[in-house]
Amino acid sequence: MTNRRCRSALAILCASLAPGAAAAQQALPDIDIGAAPRRASAVRPASTPTPVVPPQPVAASTPIAPVPVQNKLPATVEVTTAQDIANTHQFDIGAALDRSTAGVSVNAATGNPFSPEVDFRGFVASPVVGTPQGLAVYQNGVRINEAWGDVVNWDLIPSAAIDRVTVTSGNPLFGLNAIGGAIALDMKTGFAWHGFELDGRLGSRGRRQSAMQYGVEDHDFAAYLAIEALGDDGYRKFSGSRVHRVYGDVGYRGDQAELHFTLGLAQNRFGASGPAPVDLVNIDPSAVYTTPQTIKNTLAQYGINGVYSPTADWKLQADAHYRAFDQAHVDGNATDFMSCGGATLCNEDGDPTNIPDLFGAAAPLGVIDRTYTRSRTIGGTAQATNTDKIFERPNKLTFGVSYDHGWTGFAANEEIGVIAPNLVIGGTGLIVEEPASGVSSVSLRAENNYLGVYALDAFDVTDALTVTAGGRYNLAKIALFDLRGTALNGDASFTHINPMAGATYKIMPNLSAYASYSEANRAPTPLELGCADRDRPCLIDTFLVSDPPLKQVVAHTIETGLRGDFKLPEMVSGRFEWTAGLYRTLNFNDILHVPSAITGRGFFVNAGTTQRQGVEAALSYKDERLTAFLNYTLTDATFRSTTLLGSPDNPLAVALGLTSILVTPGAHLTSIAKHRLKGGFDYAVTPDWKIGADVVYASGPYLRGDEINFFPPLPSYATVNLRTSYQVTNNVQLYGLIENAGNTKTRSFGTFFNTMQIPFLAFVDPRQVAIGPPLGVYGGAKVSF
C-alpha cells in the first residue's frame, strides 16, 4: 500500500481545497486519510498509464507508513481516487460519488445526468438556481460555488483530470457555505501522471464520448492536459447534451519551492427536463412537462499556486485565481396570465394587463423565461505553517488569510407563448412588462466580497492523543445594483467566528477514536437576498424584487466515531478497513425556498432551526485480485421549529382552501433519503480480464411541498450496475458497461403542481417526479502509451 496523501502544493485534508481552507492539511499532524474505507483497484488496468511516484512535493508532510490508526483528523473523511472513477467508467463525477461514497446521493431533479444535485448528510451542492446550498466545493484550491446563488455546475468538471475526491464533514476552515461539509477535487499534474491515454465509447440513446489525457515530466518541469467531449440524446424528451471541457496544468518543482499554473475551459449545452406529472411518466417515462428547458454553460478558469519552504519548520503558501462563468437558461412554464374577453390579458387576480390578447380563450397560454448570468470571480490565499515542537512534543500551527471578490451581471425577461399539444411552448414575441403583477424584465449587477482569517493548531499531547483547535473569522459583503431603476438596490454584511475543537485517540494499534465540535456559517446569496418577500414572490430564477433581509445560517456540528483495520489470519490475504460514526448538525435560521400561490414563483425564508443527524458505517476489503466495499448511512433530517411555509399546490392545503402549511418540530425535511446502502466489487478473473458490479439502494424521500409529511414518501429503489474489461494488449483495453441493469424507474425527487394549469390536459395525480436514467448499455476502448 502506498502513501495516499495529496500531491498538490496546496493539499488540504488530502485534497486541494479552497482559498483559506488550505489550513486544514497543513495544520494537522502527518496523517494518512486512507483510513477511511474507499474503493481501490485490485489490479490496475494495463491500458491505464501507471502513475509514477514523484519526489514528495515540498508542500506535503514527511511520508509515513499508511497505518489507519495514525489518522489524526477528528472528522469524517471519504476518499474516491482516480482509479475508482476509472473502474466505474463514469463521465460525470456526481455518478461516481453516488456509486461508492458513504452519505452521498444524487437527485435527478433536472432530468439530466450531467447536472446532478449532489446530497451529503442532507445538504446539497446543486446546479439548480434557487436551491439553498449547503456544501462547499473546491477544485485545486478554488471554491467553485458560483458567485450568483452559490450553485455548483458539475458539468464543468472533467472527470478524467481528477486525481481524487475528498468528501469531509463540517469544518470552518473550508470557509463559507460548508455548513454540511465540503467536497474537494484534487486534479492531476504531470509530476504524478505520465503517459498518453485515449478513451472512446458508444452506447444507448446515441451516446458518443471520448476523453484524452497526456502527462509528461522533464527534470524540474511537468505538464498535464485532459480533453473530454460527449454527445447524448438524453433519456427524457428534449434532454440531449453536448459537453466539451479541458483541463491543463504546468508545474515547476525545485528543492525548496513548487509552482503550478492551471487552466480550465468548458462549453456545454444540455436539456434539463425537470419533474413531470406522475400521470404522464406512468404512460411514458421520457415525457416532459412544458418545454423548452435548455442550459448553456461556458467557463474559463485560470490559477496559480505555489509553496516555498525557507526552513525545515516553515512553509509559506499562496494562490491566486480568476474564474469566468456564463450561463444562458431558457425555461418554458405554465402561466397565470389568461384571456378574459378583452383586448388585453388578465393576471391571476383577473385584473387587466397591458399585454395584448392575440389569440383569445381558445389558446392555452404559457411563458418562456430567459435568464442570462455573467459571473466573474478573482481571489487568493496567503498562508504560513510552522512545525516547531512545543514542550518537546510535535505540533503544527497554520494561520492565513483568504479573499474572494465576485461580480455578476444578471438579466431576465419573460415572453408570452402558446402551449402546443406536445407541451412545447412557442413564443409570440410579447415580452411581459407588468410591474403591477410583479413581472418585468430585470437587469442588475451583484457584488460579493468574502474575507476569511483563520488559524488551526494540532498538538500531540501523547503518542496516542492529538488535540486540534482553531477558528475562522468570516466577513461577507453583498451588494445589488439595479440597472433599470432603484427597486433592487441594496447591500448587506454578515460576520461570524467559527470555532473548531476535536481530538483523536489511538486506543490500540489498529483502532482509533475521534470526536469534534465545529461551527460554520452561510451568508445569504445575492439571489436569496433579492427574493425574500412572501408578498412579492420571484419567478425563480427569473425575477427579483426589493426584499426584507435574510439572516445568515449558522451550523453547529458534533460528531464522534471509531475507525481501524484488521486482517483475518490464514483466511484471506487482504486487509479490511472500517469506520463507524455518529453526527448531529443543527442549522439556525436555515434558509429554504418555498413556492408562492402565484404559479411559477417563490421566495426564500428563514425557516427557524433544522437538524440533520445520523449514522455512517463503511467497510472495505482489498487484496491482490479483489476489492470490495459496503457502506450504510442513516440521515434523519427534521424541522426543530414551528414555521409557516408556502405550499399552494399541496392537496391538503388545496382541500382546506389554504396556500400555506404549518410545519411542526419533528417533521422530516423533504427530498432527503433517510436510508442509503451501497456495495460493490471489482475482481480480476485473470490478469487481463476483470469484472465488477455495484448496487445503490435509497429509501424514498418526502415530496417537496409536503413538509408536514401528510402524504407517503416516494418509493424506495435500488439500481445495479455491471462492468467488465479485457486487456487485449499492453496498450489496448476493451470494456463494456450495463448501467441500471434492472431498468429500475428511480424517483429520487418529487413535488406538487396545479393539475388544472393546462386546459387541454386532465391530470388526476397532483404529484410531479423526476425519473432517473433507465437501462443503458455501453461499449468502449482505451488506448494508452
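Residues numbered from 1 in each chain as written. Predicted model: local features only at pLDDT ≥ 70, side-chain atom pairs only at ≥ 80, totals over all residues. Heavy atoms only, no water.

### A few points about the overall build of the chain
Turning to step 1, where the next piece is worked out: Across its full length, the chain carries 6 helices and 43 strands.
Turning to step 2, where the next piece is worked out: Within the span of the chain, comprising 785 residues, buried residues form 61% of the whole.
Turning to step 3, where the next piece is worked out: Expressed as a percentage of contacts within the chain between residues at least 6 apart in sequence, the contacts between residues at least 24 apart total 70%.
Turning to step 4, where the next piece is worked out: Carbon and sulfur atoms form 62% of the exposed surface of the chain, whose accessible area is close to 27600 Å². (Helix = DSSP H or I, 4+ residues; strand = E, 2+ residues; numbered from the N terminus. Buried < 20%, exposed > 50% of the residue type's maximum accessible area, 1.4 Å probe, protein only. Contact = heavy atoms within 4.5 Å. Areas by Shrake-Rupley, 256 points an atom, 1.4 Å probe, with all protein chains shown as cover.)

### Section: the sheet that holds strand β16 (residues 276-277)
Turning to step 1, where the next piece is worked out: Within the open sheet, the 3 strands sit side by side as β16-β42-β41. Their pairing is antiparallel. Of all strands in the sheet, those with a lone pairing partner are β16 and β41 (747-752), marking the two edges.
Turning to step 2, where the next piece is worked out: Where β16 and strand β42 (residues 767-771) come together, 2 bridges link them in antiparallel fashion. Within β42, the residue paired with Ala 276 across the bridge is Val 769. (Pairing = 2+ DSSP bridges.)

### Quick notes on unusual backbone geometry
Turning to step 1, where the next piece is worked out: Of note, the amide linkage connecting Thr 291 to Pro 292 takes the cis form, showing an omega dihedral of 20°.
Turning to step 2, where the next piece is worked out: Looking at the element boundaries, Pro 292 is found in the loop between α4 (278-283) and β17 (293-311).
Turning to step 3, where the next piece is worked out: Look at Asn 140: it is not a glycine, yet its phi comes out positive at around 50°.
Turning to step 4, where the next piece is worked out: The topology assignment puts Asn 140 in the loop between β7 (136-139) and β8 (142-143).
Turning to step 5, where the next piece is worked out: In this structure, Phe 238 is a non-glycine residue whose phi angle is positive, near 60°.

### Things to note about a nonpolar patch on the surface
Turning to step 1, where the next piece is worked out: Judged by side-chain polarity, Phe 221, Val 250, Tyr 252, Leu 259, Phe 261 and Ile 304 come together as a nonpolar surface patch covering roughly 520 Å² of accessible area.
Turning to step 2, where the next piece is worked out: Listing elements by their share of the nonpolar patch, those giving two or more residues are β14 (241-253) and β15 (257-271).
Turning to step 3, where the next piece is worked out: You can call Tyr 252 partly exposed: its relative accessible area is 32%. (Patch = residues over 30% accessible without salt bridge, like charges linked within 9 Å, V, L, I, M, F, W, Y side chains within 5 Å. Salt bridge = Lys/Arg side-chain N within 4 Å of Asp/Glu carboxyl O.)

### Structural notes on the sheet that holds strand β4 (residues 104-107)
What links the strands of a sheet is backbone hydrogen bonding, and the strands pair in either a parallel or an antiparallel sense.
Turning to step 1, where the next piece is worked out: As summarised here, the arrangement of the 3 strands in space is β4-β5-β6, forming an open sheet in which the pairing is antiparallel. Either end of the sheet is taken by a strand with one partner, and the two such strands are β4 and β6 (123-125). Ignoring which end each strand starts from, the neighbouring axes of this sheet average 30° apart.
Turning to step 2, where the next piece is worked out: Where β4 meets strand β5 (residues 117-120), 4 bridges bridge the pair, whose relative direction is antiparallel. Following the sheet pairing, Asn 107 is matched in β5 by Glu 117. (Axes fitted to C-alpha atoms, helices over the stretch in contact; angles between N-to-C directions.)

### What about the nonpolar core?
Turning to step 1, where the next piece is worked out: Ile 93, Trp 154, Val 165 and Ile 183 are the most contacted members of the largest nonpolar core, which totals 43 residues.
Turning to step 2, where the next piece is worked out: When residues no more than four places from it in sequence are discounted, the contact partners of Val 165 are Glu 78, Val 79, Thr 80, Ile 93, Leu 97, Ile 183, Ala 184 and Leu 185.
Turning to step 3, where the next piece is worked out: Core analysis: the next-biggest nonpolar cluster, separate from the first, contains 18 residues, Leu 280, Ala 287, Ile 425 and Phe 752 among them. (Core = buried A, V, L, I, M, F, W, Y, C linked by side-chain atoms within 4.5 Å.)

### Some remarks on the pattern of salt bridges
Turning to step 1, where the next piece is worked out: Overall, the coordinates contain 25 salt bridges when judged by the stated rule.
Turning to step 2, where the next piece is worked out: Here Glu 559 and Arg 121 are joined by a salt bridge, their closest N and O atoms 3.4 Å apart. Of this pair, Glu 559 sits in strand β29 (residues 553-566) while Arg 121 sits in the loop between β5 and β6, and the two are 438 residues apart along the sequence.
Turning to step 3, where the next piece is worked out: For Glu 559, a relative accessible area of 4% corresponds to the buried category.
Turning to step 4, where the next piece is worked out: The salt bridge partner of Arg 393 is Asp 463, with a shortest N-O separation of 3.0 Å. Of this pair, Arg 393 sits in the loop between β22 (365-386) and β23 (395-419) while Asp 463 is found in the loop between β25 (442-460) and β26 (465-482), placing the two residues 70 residues apart along the sequence.
Turning to step 5, where the next piece is worked out: In this structure Asp 463 comes out as exposed when scored by relative accessible area, which is 63%.
Turning to step 6, where the next piece is worked out: The structure contains a network of salt bridges with shared partners spanning Arg 99, Asp 682, Asp 694, Arg 723 and Glu 739.

### Some details on empty space enclosed by the protein
Rolling a probe over the atoms, with the probe sized like a water molecule, indicates the empty space that remains.
Turning to step 1, where the next piece is worked out: Scanning the entire structure with this criterion turns up 19 cavities of 30 Å³ or more.
Turning to step 2, where the next piece is worked out: In this structure, the largest cavity spans a volume of roughly 670 Å³.
Turning to step 3, where the next piece is worked out: Those elements that provide at least two residues to the lining of the largest cavity are α3 (93-100), β4 and β39 (717-729).
Turning to step 4, where the next piece is worked out: When residues in the lining of the largest cavity are grouped by element, the largest group, 4 residues, is from α3.
Turning to step 5, where the next piece is worked out: A breakdown of the residues in the lining of the largest cavity according to their chemical character gives 13 nonpolar, 14 polar and 8 charged.
Turning to step 6, where the next piece is worked out: In this structure, the second largest cavity encloses a volume near 240 Å³. (1 Å grid on protein atoms, 1.4 Å probe; cavity = no way out; pocket = protein on both sides within 12 Å on 5 of 7 lines; lining within 4 Å. Points joined across faces, edges and corners; volume = space filled by probe spheres on them. Nonpolar A, V, L, I, M, F, W, Y, C, P; charged D, E, K, R; others polar.)

### Section: the side chain of Thr 633
Turning to step 1, where the next piece is worked out: Checked against the element boundaries, Thr 633 lands in strand β34 (residues 626-639).
Turning to step 2, where the next piece is worked out: Among the polar contacts made by the side chain of Thr 633, one reaches the main-chain amide nitrogen of Gly 103 at a distance of 2.9 Å.
Turning to step 3, where the next piece is worked out: Apart from the residues lying within four places of it in its own chain, the contact partners of Thr 633 are Ala 102, Gly 103, Val 615, Glu 616, Lys 674, His 675 and Arg 676. (Polar contact = N/O pair within 3.5 Å; in protein donor to acceptor, adjacent residues only side chain to side chain.)

### Re the state of the cysteines
Turning to step 1, where the next piece is worked out: A complete count under the given rule lists 1 disulfide for this structure.
Turning to step 2, where the next piece is worked out: Cys 340 shares a disulfide with Cys 346; S-S distance 1.9 Å. Handedness of the Cys 340-Cys 346 disulfide follows from its S-S torsion of about 70°: it is right-handed.
Turning to step 3, where the next piece is worked out: Classification of Cys 340 by relative accessible area gives partly exposed; the value is 40%. (Disulfide = S-S within 2.5 Å.)

### With respect to the pairing of β15
Turning to step 1, where the next piece is worked out: By the bridge criterion, 11 bridges tie β14 to β15 in an arrangement that is antiparallel. Across the sheet, the residue bridging to Asp 249 is Thr 262, located in β15.
Turning to step 2, where the next piece is worked out: Remark: 3 residues form the turn of the hairpin made by β14 and β15, two consecutive strands paired antiparallel.
Turning to step 3, where the next piece is worked out: Across 15 bridges, β15 lies against β17 in antiparallel orientation. Looking at β17, one finds that Thr 262 is bridged to Gly 303.

### So, the packing of aromatic side chains
The geometry of two aromatic rings is summed up by the distance between their centres and the angle between their planes.
Turning to step 1, where the next piece is worked out: This structure, assessed with the given rule, holds 14 aromatic pairs.
Turning to step 2, where the next piece is worked out: Between Trp 148 and Phe 410, the aromatic rings sit 4.7 Å apart at their centres with planes inclined by 25°, giving stacked as the arrangement. Pair noted here: Trp 148 is in the loop between β8 and β9 (162-168) and Phe 410 is in strand β23, with a separation of 262 residues, a long-range link. Across this residue pair, the class does not change: Trp 148 and Phe 410 are buried.
Turning to step 3, where the next piece is worked out: Here Tyr 302 and Tyr 322 contribute two aromatic rings whose centre-to-centre distance is 6.5 Å and whose plane-to-plane angle is 15°, an arrangement assigned as stacked. Taken as a pair, Tyr 302 in strand β17 and Tyr 322 in strand β18 (residues 314-334) lie far apart in primary sequence, 20 residues in all.
Turning to step 4, where the next piece is worked out: Here the aromatic cluster, defined as three or more aromatic residues joined through ring pairs, consists of Tyr 289, Phe 753 and Phe 763.
Turning to step 5, where the next piece is worked out: Lying over the aromatic face of Phe 191, Arg 253 brings its terminal NZ or CZ to 4.0 Å of the ring centre. (Phe/Tyr/Trp six-rings, centres within 6.5 Å; stacked < 30°, edge-to-face > 60°. Lys NZ or Arg CZ within 6 Å of the ring centre and 35° of its normal.)

### Observations regarding the environment of Phe 238
Turning to step 1, where the next piece is worked out: By the secondary structure assignment, Phe 238 is in the loop between β13 (221-232) and β14.
Turning to step 2, where the next piece is worked out: Distance from Phe 238 to Thr 294, taken between C-alpha atoms, is 8.5 Å for residues 56 residues apart in sequence.
Turning to step 3, where the next piece is worked out: If we ignore the near neighbours within four places in the chain, the residues touching Phe 238 are Gly 271, Val 288, Thr 291 and Val 424.

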